[in-house]
Amino acid sequence: MKLGRRITRYLFFIIIIIIAIRMNKITALSSVKMQKNSCPRDWPGLRVRFLAFDFDSTCTVEDTTGLYYKATETYRRASEAKSKVLDKEWESLGNTYLKGHKETIKRLLENVPYSENGNLSMEGLKSFLMETHNFDSECTKKVEASGLLSGISKEGIIQIAKNVQLSPGCVQVLGQVNLPLNVISFNWSKDLIQIVLGQLKHLRIAGNNFPTEDNKSTGQIDSHVSTSFDKEAEFMRLVEGQKEIEGLSVFIGDSIGDLLPLLKADVGIVIGNSNTMRKVAKAFGIKLLPLLDLYNRYGRCNSVQYDSSIVIPSTTDNNGILYEATSWYEIGELLLGNRLLPVTD
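The notes below deal with the structure included here. Nothing here was measured: the structure is a model prediction, and the numbers come from that model. (Residues numbered from 1 in each chain as written. Predicted model: local features only at pLDDT ≥ 70, side-chain atom pairs only at ≥ 80, totals over all residues. Heavy atoms only, no water.)

Glancing now at the pairing of strand E6 (residues 248-253). One face of the sheet, then the other: side chains in a regular strand alternate in exactly this way. Of all 6 residues in E6, 6 are buried; the element is thus mostly enclosed. Across the two faces of E6 the burial is the same, with Leu248, Val250 and Ile252 and Ser249, Phe251 and Gly253 all buried. As paired strands, strand E1 (residues 48-53) and E6 are joined by 5 bridges and run parallel to one another. What sits directly across from Val48, in E6, is Leu248. Bridge count for E6 against strand E7 (residues 267-271) is 4 bridges, and the pairing is parallel. Looking across to E7, one finds that Val250 is bridged to Val267. Handedness of the crossover joining E6 and E7 through helix H9 (residues 259-264) is recorded here as right-handed. (Buried < 20%, exposed > 50% of the residue type's maximum accessible area, 1.4 Å probe, protein only. Helix = DSSP H or I, 4+ residues; strand = E, 2+ residues; numbered from the N terminus. Pairing = 2+ DSSP bridges. Right-handed = clockwise from strand over helix to strand, strands pointing away.)

Next up, the structure:
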């Protein structure tokens, strides 16, 4: 009996040991599978040498153009009845522009011969952008002729700046980037941009201004950056100044006016939900891919150790590829990787 019990116990212990060994093997195999299937989390961010971005609807929730007439002395001192009249005048100009802009885009796209192979058509795109600029230029002249922008003061701009709503995460992400921050914008006032983004260090603004007399605007617009061609030229001029530095050039924008600098950048990032942008991109063979494609290919899922030899092909050599970001936080992860501090709005 005693011998039988000992044998039983002995067999029991052997079975326990066998099970334990098998469990360890399974755990080890599971661990290997997890290592193979999960992405390493020590991505330090893209090696960027130059960063530029648009302002309106890229770093702001809405276009700020419609605020400027409220910065005039006439509007700020107007009675309630008078301010309503001015509101209606501006609304009429705005509605005329939006309707005409939409019709112009539709008319031009109807005449675009879609490429069967889907290749980028830069010649067609540039012709399209020039036509849209001609329309925008005529509308700007009407705004100047209206007199609604006459009498804008610095104090007025400070006041309307309080009504500018920033895109969630924009300032928080850019504030962590240790590079000169280049704004290239169609906005009519560099002063407004400076006030709104003034908390950012190393801010450089390429844009426009209101000419003044006696510290009040004349009603005209001193345009230095008014076309996508201007943005492209400014982008290339600034990038040229950083050519001795290793790394990639990045441009972030939201609209068709940003297309040329987006395509010139090594990494062009589109943010926002512009349907017009997507229609135009499709018409001229521009591919819009999720930013995650770029992030996974060269970022978190690339390798456990950062490979400094990685070079992302220029978008101009990659058949017109741009990347879509869903948020500034996603852009922050790409640019900064594990150095990105928590972003709170």
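The next thing to look at is the packing of helix H4 (residues 122-146) against helix H8 (residues 228-240). H8 packs onto H4 with a crossing angle of 120° between their chain directions and a minimal axis gap of 9 Å. Between H4 and H8, the angle is such that the two are oblique. In contact with Lys126, Leu129 and Met130 of H4, H8 contributes Ser228, Phe229 and Glu232. (Axes fitted to C-alpha atoms, helices over the stretch in contact; angles between N-to-C directions. Parallel < 35°, antiparallel > 145°, perpendicular 65-115°, else oblique. Contact = heavy atoms within 4.5 Å.)

Formally, a disulfide is one covalent bond, and it connects the sulfur atom of one cysteine to the sulfur atom of another. The final tally for this structure, using the stated rule, is 1 disulfide. Sulfur-sulfur distance for the disulfide between Cys59 and Cys170 comes to 1.7 Å. Because the torsion about its S-S bond is -85°, the bridge between Cys59 and Cys170 counts as left-handed. With a gap of 111 residues between them, Cys59 in the loop between E1 and helix H2 (73-76) and Cys170 in helix H6 (residues 170-174) connect regions that are remote in the sequence. Residue classification places Cys170 among the buried residues on the basis of a relative accessible area of 0%. (Disulfide = S-S within 2.5 Å.)

None of the figures reported here should be taken as evidence of function without further support.
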